[in-house]
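Summary of structural features
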Amino acid sequence: MERPIKVLVAKVGLDGHDRGAKVVARFLRDAGFEVVYTGLHRTPQEVAMAAVQEDVDVVGISIHSGAHKELVPKVIKYIREFGGNPEEMVILVGGIIPEDDFEELKKAGVDGIFIPGTPIQEIIDFIKKAVAEKRKAVAKK
């Protein structure tokens, strides 16, 4: 029996808007995921350390401040520095993300980007599929 999918929902930086992150976290819990919420105003180091310490399958970063191109790559960098492997985690970004920035975020290691209005079932389905693929890849190593 596989363990439940464990998701870290994080608010990085000075962004004080967490309503969406809390709503998504609640829906993910209702879908059977184990969810850890970091709270507001976390540094990239704090988010990365929590991801490694909690041994999560998914890191979901919620950003509405416009600092996604600076903060998300830092989280990924610190996950590595703290002994985690971001290639084995599903890295998601949600919030106000301009479509022009999607490719840059994906090149930095982001697996999925979800903007306001994305149906929650789409997020749930994406996570299930992406985690299954990552777990399968890790098992082959």
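Residues numbered from 1 in each chain as written. Predicted model: local features only at pLDDT ≥ 70, side-chain atom pairs only at ≥ 80, totals over all residues. Heavy atoms only, no water.

Digging into the packing of aromatic side chains
Taken as a whole and judged by the stated rule, the model has two aromatic pairs. Its end group placed over the ring of tyrosine 78, lysine 77 keeps NZ or CZ at 4.5 Å from the ring centre. (Phe/Tyr/Trp six-rings, centres within 6.5 Å; stacked < 30°, edge-to-face > 60°. Lys NZ or Arg CZ within 6 Å of the ring centre and 35° of its normal.)

Some words on the pattern of salt bridges
On inspection of all chains with the given rule, the structure shows eleven salt bridges. Of the charged contacts in the structure, one is a salt bridge between lysine 22 and aspartate 18, with a shortest N-O distance of 3.3 Å. With a relative accessible area of 46%, lysine 22 lands in the partly exposed category. Among the charged side chains, a salt-bridge network with shared partners connects Arg3, Asp57 and Arg135. (Salt bridge = Lys/Arg side-chain N within 4 Å of Asp/Glu carboxyl O. Buried < 20%, exposed > 50% of the residue type's maximum accessible area, 1.4 Å probe, protein only.)

Considerations on the nonpolar core
Formed by 26 residues in total, the largest nonpolar core has its most connected members in Leu8, Val59, Val72, Ile79 and Val110. Of all the elements in the fold, those that place two or more residues in this core are β1 (6–11), α2 (44–54), β3 (58–63), α3 (68–81) and β4 (90–95). Of the residues forming this core, the biggest block, six residues, is contributed by α3. With residues near it in sequence (within four places) discarded, valine 72 still touches Ile61, Ile63, Val93, Leu105 and Val110. Counting residues in each nonpolar core, the second largest holds 17 residues, with Ile5, Ala25, Phe33 and Ile127 among its members. (Core = buried A, V, L, I, M, F, W, Y, C linked by side-chain atoms within 4.5 Å. Helix = DSSP H or I, 4+ residues; strand = E, 2+ residues; numbered from the N terminus. Contact = heavy atoms within 4.5 Å.)

So, the sheet that holds β1
The five strands lie next to each other as β2-β1-β3-β4-β5, forming an open sheet whose pairing is parallel. The open sheet has two edge strands with one neighbour each: β2 (34–37) and β5 (112–114). Pairs of neighbouring strands in the sheet enclose a mean axial angle of 20 degrees, with direction left out of account. Note: β1 against β2, four bridges, orientation parallel. Paired with lysine 6 across the bridge in β2 is glutamate 34. (Pairing = 2+ DSSP bridges. Axes fitted to C-alpha atoms, helices over the stretch in contact; angles between N-to-C directions.)

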